[in-house]
There are 2 protein chains.
Amino acid sequence: MSAPPSPPRRAVIIAVGTELLTPFRTDTNSLFITSKLNDFGIEIVAKLIVGDRRAELADAIRENLDRADLLVLTGGLGPTDDDVTRLAVSDALGLPLEEDPGIVERLRLRFARRGMQMPALNLVQAQVLRGAAVLPNPNGTAPGQWVQHGGRLMALLPGPPREMMPMFDAVVAERIAPLAQGARLYRRVLGIAGRFESDVERVAQPVYSKWVAWRPPVSTSILAAPGQIELHLSVRAGSAEEGRATLDRATGELVAVVGTDVYSTDGRSLEHVVGDLLRGRAWRIATAESCTGGLVACRLTDVAGSSDYVERGVVCYSNRAKTELLGVPAEMIQEHGAVSEPVGVAMATGMRGRAHVDIAVATTGIAGPGGGTDQKPVGTVVVAIASPSGSEARRFLFTGGRAQVKFQASQAALNLVRRALEEDTR
Amino acid sequence: MSAPPSPPRRAVIIAVGTELLTPFRTDTNSLFITSKLNDFGIEIVAKLIVGDRRAELADAIRENLDRADLLVLTGGLGPTDDDVTRLAVSDALGLPLEEDPGIVERLRLRFARRGMQMPALNLVQAQVLRGAAVLPNPNGTAPGQWVQHGGRLMALLPGPPREMMPMFDAVVAERIAPLAQGARLYRRVLGIAGRFESDVERVAQPVYSKWVAWRPPVSTSILAAPGQIELHLSVRAGSAEEGRATLDRATGELVAVVGTDVYSTDGRSLEHVVGDLLRGRAWRIATAESCTGGLVACRLTDVAGSSDYVERGVVCYSNRAKTELLGVPAEMIQEHGAVSEPVGVAMATGMRGRAHVDIAVATTGIAGPGGGTDQKPVGTVVVAIASPSGSEARRFLFTGGRAQVKFQASQAALNLVRRALEEDTR
């Protein structure tokens, strides 16, 4: 054990496992670890995925010892020959492995509680690097290890997320937080619907580009998918109050230029925001979906407790269903086509009346890849609502494949509901 | 340019981009690249993610030159100061960069077609490593590069998937396939619903463990999520016929032990299989959903062309909706509870009659986290169908959070429809 280390600034994450080098799996543990380390101002300078090979893993560890002052390894702590992390770290640092009697005892007990004898194989999980602290694993047989060696810190964690996450939380609380001397990263996420990324960027960039000169400076990044934009703000501050005040000011400046297309400033999803607004108004909602095929209802009911305000929904893929379930006149469909503003409005008002709800939302469109025409190409979608203040329809032309069109249409539908509820509340 | 290289066996993939080191994004390009390289028996021995720093990227490239005979780099080919891949490869290999007049001309034309002048910034995208082949990019401004140097192969590809994928496909077809001398990897995916992973493993392991002794040997891996298990088989064979015959034999052995819970042996999703069966029978379907909240309809309509057989669906979250839309007697709900076999069957038969369809499927259950009781804990789900041969209900107790319960319930519903269609066909 060497002298107490200085606060770590740069970290490398190494995921160990040949299965992570197939086309079917990817390392997601590192996103969790990154988020936790970023909180303390620790930057991730590289991520690696290495197979279950002792020599290659030892090489990768050696190469990265100079690159970072904290190395986090996940995986390879099981009892089989494929589990080489302990051995590779021992090789790379020149530290011997020694059997820890406490781990042996805990493993014996763990198996005994299930009426089993500990397989001899599992004894290797009791091998601990000389001087390392043992990290208990309440959710599995693989204990972790925490190593301070030559001015470097190293965490050896198990691969399964449900074992890794609680163990890493404890490492952060007990070993990393005390080194970080109070400064932490504070974050905020703004959700925006109904705008193009370029359009948001055009109005937001002049605002957030000035924040780098603030003390403390605020960093911004945009995550965009068709129909959904997120602005992630973060600031490194000495206290929670300073962090919150800085983010409040930054959020206010963004909302001033992006306007009411910002649906949340606290990370809630659009369906969650809509649900909260419905609950606040004590309104009930019903959905009438054609092109979204149930996605609007499915998103609304993804929110826990949504049975309080979701009354019902219908998916009327056929024209007959539109007429039978919603009372849309067959002649109207004949005259305007199923994808039209009058039919959208008739679906929403029909649903509102039949379901005895306060607000109903309808979608009708062409999700593709087939079914488009010159006048109504694939991606044409009409979204409509009916509420106590009347009905309203909007037409969109979305790009992308079937899944993207369905998602953007559901997003437009939920956003129309949100705006109606917010306007009604004002 | 050095002598023609031998077939590559070991590859390292390096993704370049500081945004890939945040908690919000992960490298997915490497899954596509891995799959394509595995096809030719090329193994991925490591994957790295490095930030936009010239010296660190050059170090990472140098370290991995000895580890692999093929290096694939994605990202960092844009026109800004953050795009350091060209420079870092130049540093690592000691190869100078030279301006390629052909690229300059193509960039000029690309901008001119949009009525714009090429920004001076973009000229750096015309910098090519001495001796490298230029890889055209029809979907963006960043051309790729293919380098043969010192017995090593290196591909420099852009980061955006829609630019990277077609470029890498061309690299594989024109440069890697000719080196691979005929042998390729052939794959098959078996989808299984309605079984636990441990249960599938118990019957499948004795079968597939013998395949390693086959000539050629077949490799197997299991990917499991609650409600959904996939068995991935692969074999390296000298011809498509040999590959297919070997996989046919292996698939037959697995189906013999797993049985009719195998819903597809060609990678089709469960909703796709159900859709194909409906189309084959010329049947139409309707859904009556409570706890799944529209997810069954949404999955069915995720399949292109599903409007041919999806007639309609209802989401009846409230008891009133179950009675009004499906004719479920209020007294029945009172007596048995909304989550019960009689109500499930009444929902399915009510839907079938009202929608005039051949088959209807219903779900009712407790998705959680609230609403559970001692008799009917969270995760209790009843799935029912009604078809020309009568009605049938099954009760399940699923584990996991709200999203997992919804998914497993939708999986059970689609699987019940599949089995009814298959039995009807026999």
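Predicted, not measured: the structure shown is a model, and the values here were computed from it. (Residues numbered from 1 in each chain as written. Chains lettered and ligands numbered in written order. Predicted model: local features only at pLDDT ≥ 70, side-chain atom pairs only at ≥ 80, totals over all residues.)

For the rest of this paragraph, the subject is the confidence of the model for chain A. The share of residues in chain A with pLDDT of 70 or more is 98%, and the mean pLDDT across the chain is 93. Predicted complex, confidence summary: ipTM 0.85, pTM 0.86. (pLDDT = per-residue confidence, 0-100.)

The interface is formed by 48 residues belonging to chain B together with 48 residues belonging to chain A. Elements represented by at least two residues in the side of chain B that touches chain A include exactly helix H1 (29-38), strand S2 (43-50), helix H2 (54-65), strand S10 (218-225), helix H9 (295-300), strand S14 (310-316), helix H10 (319-326) and helix H13 (402-425) of chain B. When grouped by side-chain class, the residues that make up the side of chain B that touches chain A number 24 nonpolar, 17 polar and seven charged. Note: strand S14 (residues 310-315) of chain A against S14 of chain B, four bridges, orientation antiparallel. The residue of S14 of chain B that forms the bridge with Arg 312 of chain A is Cys 316 of chain B. (Contact = placed C-beta atoms within 7 Å. Helix = DSSP H or I, 4+ residues; strand = E, 2+ residues; numbered from the N terminus. Nonpolar A, V, L, I, M, F, W, Y, C, P; charged D, E, K, R; others polar. Pairing = 2+ DSSP bridges.)

Residues and elements named next belong to chain A. Looking at chain direction, strand S16 (residues 380-387) and strand S17 (residues 390-397) are connected through eight bridges and run antiparallel. Within the sheet, the bridge partner assigned to Ala 386 lies in S17 and is Ser 391. Hairpin connection, S16 to S17: the antiparallel pair is bridged by two residues.

On to the pairing of strand S3 (residues 70-74) of chain A. Residues and elements named next belong to chain A. Burial analysis of S3 places five of its five residues in the buried class, which makes it a mostly covered element. Relative to S3, strand S1 (residues 10-16) runs parallel, the two sharing five bridges. Counted as the bridge partner of Val 12 is Leu 71 from S3. Across five bridges, S3 lies against strand S8 (residues 152-157) in parallel orientation. Bridging from a neighbouring strand, Leu 73 pairs with Leu 156 of S8. (Buried ≥ 20, exposed ≤ 12 C-beta atoms within 10 Å, placed from the backbone.)

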